[in-house]
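# Understanding the architecture of this molecule
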Amino acid sequence: MKHLLSTADLSRGDAIGLLDVAEEMTQVSTHSVKKLPVLRGHTVVNLFFEDSTRTRISFEAAAKRLSADVINFSAKGSSVSKGESLQDTAQTLGAMGADAVVVRHNGSGTPYRLATTGWIDAGVVNAGDGTHEHPTQALLDSFTLRRTLTGSPASGPGGNARGTDLASTTVAVVGDILHSRVARSNVHLLTTLGARVVLIAPPTLLPWGVETWPAEVFYDFDEALDAHDFDAVMMLRVQFERMHQSFFPNTREYSRLWGMTSARYNRLPEHTAIMHPGPMNRGFEICAQAADSPRAVILNQVENGVAVRMAVLYSLLTGKEGAL
Amino acid sequence: MRVRTVLNADEISRAITRIAHEILESNKGAGDLTILGIPTRGVPLAQRLTAKIADIEPGVDPAQICGSLDITMYRDDLRHGKLRAPEPTHIPSGGIDGRTVVLVDDVLFSGRTIRAALDAIADIGRPAAVRLAVLVDRGHRSLPIRADHVGKNLPTAVDERVFVGLAEIDGEDTVTISWPETAGAEGDQA
Amino acid sequence: MTSLLIRGANILGQEVGDIAISDGRFVDVTTLTSPDEVIDATGLIALPGLVDLHAHLREPGREDAETVLTGSQSAARGGFTAVHAMANTAPVADTAGVVEQVYHLGREAGYTEVVPIGAVTVGQKGTQLAELGAMARSAAGVTIFSDDGLCVFDPLIMRRALEYVKTFDGVIAQHSQEPRLTEGAQMNEGVVSAELGLPGWPAVAEEAIIARDILLAEHVGSRLHICHLSTKGAVDLVRWGKSRGVQVTAEVTPHHLMLTDELVRSFDPVYKVNPPLRTQADVDAVRAGLADGTIDIVGTDHAPHPSEHKCCEWTAAAMGMVGMETALPIVVEAMTDYDFGWADIARVMSRTPAEISGLREQGSLEIGTGANLVLVDPEASERITPGAHATMGRNNPFAGIEVSSRIVHTILYGHRVVTDSQLSDPHPITRGGTWIA
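Here we summarise the structure given alongside this text. Everything numeric here is computed off the predicted structure, so don't read it as measured data. (Residues numbered from 1 in each chain as written. Chains lettered and ligands numbered in written order. Predicted model: local features only at pLDDT ≥ 70, side-chain atom pairs only at ≥ 80, totals over all residues.)

### Focus: the overall build of chain B
The criterion, for reference: Helical segments are the DSSP runs of H or I of at least four residues, strand segments are the runs of E of at least two, and each set is numbered from the N terminus. For this measure, only C-alpha atoms enter the radius of gyration; the expected value for a globule follows 2.2 Å times N^0.38, where N is the number of residues. Any residue with 12 or fewer other C-beta atoms within 10 Å of its own C-beta is exposed, any with 20 or more is buried, and the rest are partly exposed; the C-beta atoms used are placed from the backbone. We call two residues in contact when the distance between their C-beta atoms, placed using the backbone, is within 7 Å.
Of the regular secondary structure elements, chain B holds five helices and eight strands. When its helices and strands are written in sequence order, chain B yields β-α-β-α-α-β-β-α-β-β-β-α-β. Here chain B has a C-alpha radius of gyration of 17 Å; the compact-globule value for 190 residues is 16 Å, and the two agree. Expressed along its principal axes, the backbone C-alpha trace of chain B runs to roughly 55 × 40 × 30 Å. Across the 190 residues of chain B, 38% fall into the buried class. Sequence separation of 24 or more characterises 69% of the internal contacts of chain B that already satisfy a separation of 6 or more.

Written out as structure tokens, the structure is:
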């Protein structure tokens with residue numbers, strides 16, 4: 001694997017292989033030296049054109065636990081904000097000897113562009129591009145799901161999820177699907193791993209042609225809860241600003257119709273995991289009771305993010321050929 | 001390709017029994033002993049060795065002393081060759097600090113695997129001592145490493161191939177040596 | 001001046017014959033007994049010089065993207081003897097002064113007849129009519145007005161513009177794009193945009209404006225020209241408008257006849273264009289519309305950009321494609337499945353655009369008209385290589401495509417500006433005077 005740009009590029013075997021490597025990565029926290037020497041002498045550049053402290057530090061932690069050197073390149077305050085082109089930025093990083101570039105950009109397709117133009121001969125990891133994809137988020141979501149489905153601890157070392165997929169599970173993704181890179185990456189990956197995906201959103205926040213997606217669609221959250229016994233409900237972050245663009249009338253109505261309210265939380269089956277890619281808008285798309293409940297695996301998702309990103313960097317930077 | 005059997009199932013079993021006795025003798029019992037198999041075939045060997053030790057020393061709980069140690073992340077050739085998927089590492093719940101760790105592998109050749117295993121152990125904890133047990137020592141070391149317990153010393157040529165088959169993985173216990181029909185020819189298993 | 005005899009050309013793909021030119025006009029072959037020059041055109045198709053109703057020559061203002069000279073040279077190599085220069089320059093061509101400047105630059109270049117288009121509204125801002133009469137009566141003699149690049153969105157302004165240009169038999173060429181429905185749009189809205197997460201540009205944003213404008217043109221009895229229509233629904237609307245007797249003409253680009261939004265999956269900005277590449281169903285519909293006459297003409301929407309505006313991420317890239325040098329070969333390829341001969345090519349790429357613009361010396365091979373002619377090799381085998389083109393723009397989306405026709409000679413008012421596919425000397429108008437001596 002030279003780049004990770006989209007979960008659509010991952011076969012079932014690739015995906016399970018990555019998740020299995022991530023399982024081994026969780027072991028590092030039990031070591032007295034919480035580091036692996038795998039990427040010694042490799043340079044990983046976090047190229048963030050869009051602020052995302054959470055994702056950046058997760059990648060940074062992952063690279064450092066693999067002993068890579070990490071350079072953080074934030075477009076704010078750099079020459080990029082003064083008009084430097086993507087090409088010049090990429091070539092500069094190449095000249096500095098970057099082995100992998102972790103890219104976050106507000107425009108869809110920018111990581112793909114970096115990977116295919118030949119401006120830089122480094123592995124490219126998509127850390128979120130516009131409203132396109134966020135593959136490592138989807139991987140950590142599937143990792144967390146696999147843990148909960150196998151009765152393993154939801155994060156950390158241990159567990160017996162190795163080799164398993166998500167067959168015969170049903171996962172709801174609720175909220176702003178239209179603008180969500182997390183949703184797109186999850187629809188691909190969950191489907192590849194055998195899960196059934198149910199999208200729940202107001203029609204204004206669903207992409208055109210969503211009926212061609214491998215997912216069942218509900219406008220009505222309660223109808224979906226009646227129809228399915230969900231293994232997990234993934235709540236997406238909804239930006240308040242969408243209200244001003246008339247995607248929905250106001251936050252109160254959104255919350256009432258598409259939020260994880262106490263009433264909806266209380267009717268979920270015992271085994272349903274509650275997920276959220278963060279950061280949460282408490283009281284808007286998710287109530288505090290659900291966010292703080294034992295069924296919430298939201299912090300486990302964050303913890304697993306590091307192991308999953310270690311697995312991705314490992315797969316990109318070691319081995320000259322082949323997949324896992 | 002010519003193949004010759006070096007050890008059969010009975011001989012393998014006897015070698016493991018002998019190593020078990022040697023370990024207990026040099027360690028003066030099973031106290032503080034941790035047996036770690038190196039994947040792939042070191043793992044069932046370590047389990048068999050632990051079972052023998054438990055037979056000899058009553059009161060030993062195999063689950064408490066036997067584990068596995070994957071060395072993929074410590075290899076010195078990760079940048080080359082194909083991408084390698086790590087195997088599980090399992091350290092018994094007591095950890096390895098202050099204990100005598102016996103590393104178990106099937107064949108000792110260049111010594112690079114053991115070098116990686118020593119690095120891996122150092123990251124996990126600080127054992128009192130590390131010993132090495134192998135079923136076959138075929139020579140040709142690239143590093144200053146030697147085994148403490150050897151099932152069979154097997155003099156070989158560099159281009160010969162030593163294969164350890166174990167029932168758990170390969171269906172039968174056997175150790176074979178094979179070599180090309182004509183000098184310089186490639187083996188059938190790269 | 002000089003005389004020229006073209007011998008053995010396949011005229012409009014219909015009959016082999018000779019074509020005689022003297023003093024910049026087509027003349028009766030029998031009157032030309034001792035031509036100064038003879039071109040052996042055996043095996044070549046003779047068409048009236050192509051007329052592009054839609055090109056961006058960028059000068060004044062963006063001479064780093066294209067100049068009137070390089071654009072004219074590109075036009076000549078594409079077989080175009082007349083090119084209409086869109087008004088979205090800097091400054092905008094919204095006064096007699098700017099259109100005259102472009103007009104004179106065209107004559108100084110001398111590779112094609114550059115016909116300026118005037119902006120409909122001041123600064124293309126869509127709020128106040130530009131001095132349409134002054135531009136019409138200037139040396140440039142503007143007949144086509146367009147805010148292309150931007151839509152004349154305000155229905156009242158559009159109505160007034162349509163009415164006002166009747167004064168001088170002008171035509172409004174509309175860029176049909178409902179602005180609110182296309183805010184931040186990056187590509188066609190459809191299955192591909194949904195998957196790529198790029199803000200979509202719905203077909204209805206184009207069709208709603210076309211429907212409105214057809215009704216407005218009907219109501220006020222004016223001529224409307226629809227630039228670069230790109231959707232199946234747009235073709236249906238134009239067909240409907242024509243059936244009602246509305247004076248509406250429509251244009252399609254070579255790229256909308258050939259390419260689909262599937263190409264955007266590469267995120268290569270060479271495929272970023274306004275209106276966006278649509279779906280295969282739309283491509284099929286515009287081909288059928290061109291074949292059955294619903295769509296009147298092909299316009300290139302030649303839009304050169306400097307490389308830094310294309311060698312970047314998709315969302316930051318400029319919209320537009322170059323296309324004058326590849327227009328004819330691409331249209332031929334696109335229409336192979338239809339009963340669409342060389343006479344049809346001449347109709348949609350020369351005669352009808354000349355009529356819409358009122359260019360009497362263009363678009364015809366008839367004796368007495370301006371000797372504007374292109375000779376095409378119909379059995380060439382060429383791979384499109386944008387690096388070899390005369391335009392400064394390298395943003396040609398057809399790179400690598402194999403085509404079967406090649407522009408061999410372009411004759412501009414009796415003067416060869418392209419010989420054996422290479423630029424030759426410009427027309428003597430560059431030394432002053434007129435196209436026809």
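### Overview of the overall build of chain A
The secondary structure content of chain A amounts to 11 helices and nine strands. The C-alpha atoms of chain A give 19 Å as radius of gyration, which agrees with the globular expectation for 324 residues (20 Å, within 12%). Taken along its principal axes, the extent of the C-alpha atoms in chain A is 55 × 45 × 35 Å. Within the span of chain A, comprising 324 residues, buried residues form 53% of the whole. Contacts in chain A between residues at least 24 apart in sequence constitute 75% of all its contacts with a sequence separation of at least 6.

### Remarks on the interface of chain A and chain B
Formally: Note that Gly is not counted as nonpolar here; it falls among the polar residues with everything else outside the nonpolar set of Ala, Val, Leu, Ile, Met, Phe, Trp, Tyr, Cys and Pro and the charged set of Asp, Glu, Lys and Arg.
Facing the 20 residues of chain A at the interface are 18 residues of chain B. Per-element accounting of the side of chain A that touches chain B gives the leading share, four residues, to helix α1 (residues 12-25) of chain A. A class-by-class count of the residues in the side of chain A that touches chain B yields seven nonpolar, eight polar and five charged.

### Notes on the nonpolar core
Going by this rule: Each nonpolar core comprises buried Ala, Val, Leu, Ile, Met, Phe, Trp, Tyr and Cys residues, the members being joined through C-beta atoms within 7 Å.
Counting residues in hydrophobic clusters, the biggest one holds 291 residues, and the most contacted among them are Val 101, Val 174 and Leu 313 of chain A together with Ala 46 and Phe 145 of chain C. With 11 residues, the single largest contributor to this core is helix α11 (residues 298-317) of chain A. Each residue touching Phe 145 of chain C, except ones within four places of it in the same chain, is listed here: Ile 117, Gly 118, Ala 119, Val 120, Leu 132, Ala 161, Val 165, Gly 170, Ile 172 and Ala 173 of chain C.

### Quick look at the packing of helix α1 (residues 9-27) of chain B against helix α2 (residues 42-56) of chain B
Residue and element names in this part refer to chain B. What counts here: Inter-axis angles, ranging from 0 to 180 degrees, are taken between N-to-C directions of lines fitted to C-alpha atoms, where helices are fitted over the stretch in contact. Note on convention: the crossing is left-handed when the near helix lies turned anticlockwise from the far helix by less than a right angle, right-handed when the turn is clockwise.
One can describe the packing of α1 onto α2 by two numbers: an axis separation of 9 Å at closest approach and a directional angle of 60 degrees. When you trace α1 past α2, the crossing you get is right-handed. In this structure, α1 contributes Ile 16, Thr 17, Ile 19, Ala 20, His 21, Ile 23 and Leu 24 to the contact, and α2 contributes Arg 48, Leu 49, Lys 52, Ile 53 and Ile 56.

### A word on the interface of chain C and chain A
The interface is formed by 16 residues belonging to chain C together with 20 residues belonging to chain A. Per-element accounting of the side of chain C that touches chain A gives the leading share, three residues, to helix α5 (residues 191-196) of chain C. The residue makeup of the side of chain C that touches chain A, split by class, is nine nonpolar, four polar and three charged.

### Remarks on the sheet that holds strand β6 (residues 50-55) of chain C
Residue and element names in this part refer to chain C. Short version of the rule: A pair of strands is considered paired only if DSSP assigns at least 2 bridges between the two.
Within the open sheet, the three strands sit side by side as β6-β7-β8. Their pairing is parallel. Two strands close off the open sheet at either side, each with one partner strand: β6 and β8 (113-116). Taking the axes of each pair of neighbouring strands and ignoring which way they run, one obtains an average angle of 20 degrees across the sheet. Judged from the four bridges that link them, β6 and strand β7 (residues 80-85) form a sheet pairing that is parallel.

### Focus on the arrangement of the chains
Across the two pairs of chains in contact, the largest number of contacts is found between chains A and C. You won't find any contact between chain B and chain C; their C-alpha atoms come no closer than 27 Å.

### Quick word on the packing of α1 of chain A against helix α5 (residues 135-149) of chain A
All names here are of chain A. For clarity, the threshold we go by: Orientation categories follow fixed angle ranges, with anything under 35 degrees roughly parallel, anything over 145 roughly antiparallel, 65 to 115 roughly perpendicular, and all other angles oblique.
With their axes 10 Å apart at the nearest point, α1 and α5 run at an angle of 70 degrees to one another. Considering the angle they form, α1 stands roughly perpendicular to α5. Seen from α1, the contacting residues are Leu 18, Leu 19 and Ala 22; seen from α5, they are Leu 139, Ser 142, Phe 143 and Arg 146.

### Section: the sheet that holds strand β1 (residues 2-7) of chain B
Residue and element names in this part refer to chain B. Pairing within the open sheet is antiparallel, and its three strands lie in the order β1-β8-β7. Looking at strand neighbours, the two that pair on one side only are β1 and β7 (161-165), the edges of this open sheet. The mean angle between the axes of side-by-side strands here comes to 25 degrees, regardless of whether they run parallel or antiparallel. Two elements, β1 and strand β8 (residues 174-179), share five bridges in a ladder whose sense is antiparallel. In the sheet register, Thr 5 faces β8, and the bridge partner there is Thr 176.

### Quick word on the pairing of strand β2 (residues 69-74) of chain A
Residue and element names in this part refer to chain A. The following threshold applies: A crossover gets the label right-handed when its path from the first strand over the helix to the second runs clockwise, viewed with the strands pointing away from the viewer.
With six bridges connecting them, strand β1 (residues 43-48) and β2 associate as parallel partners. Opposite Val 45, over in β2, you have Ile 71 as the bridge partner. Handedness of the β-α-β unit built from β1, helix α2 (residues 53-65) and β2 comes out right-handed.

### Here's the deal with α2 of chain A
Residues and elements named next belong to chain A. Note the threshold: One fewer than the residue count of a helix, multiplied by 1.5 Å, yields its expected span.
The terminal C-alpha atoms of α2 lie 18 Å apart, and with 13 residues this matches the ideal 18 Å at 1.5 Å per residue to within 8%. Against β1, β2, β3 (100-105), β4 (123-129) and α11 lie the buried residues of α2. At the exit of α2 stands Ser 67, carrying a positive phi of roughly 70 degrees.

### Observations regarding the environment of Ala 437 of chain C
All names here are of chain C. Counting through the fold element by element, Ala 437 comes out in the segment after β21 (422-423). The exposure class of Ala 437 is partly exposed, given the 13 C-beta atoms found within 10 Å. Considered as a pair, Ala 437 and Ala 20 are 417 residues apart in the sequence and their alpha carbons are 17 Å apart.

### Here we look at the pairing of β8 of chain B
Regular strands place side chains that alternate from one sheet face to the opposite one. As defined by bridge partners, β7 of chain B adjoins β8 of chain B across five bridges and the pair is classed as antiparallel. The residue bridging Val 162 of chain B from the neighbouring strand is Ile 177 of chain B, located in β8 of chain B.

### A look at the environment of Leu 57 of chain C
Residue and element names in this part refer to chain C. Relative to the helices and strands, Leu 57 resides in the loop between β6 and α1 (68-77). The spacing of Leu 57 and Ser 404 is 347 residues in sequence and 27 Å in space, taken between C-alpha atoms. Leaving out residues up to four positions away in the same chain, Leu 57 has contacts with Glu 66, Val 68, Gly 71 and Ala 85.

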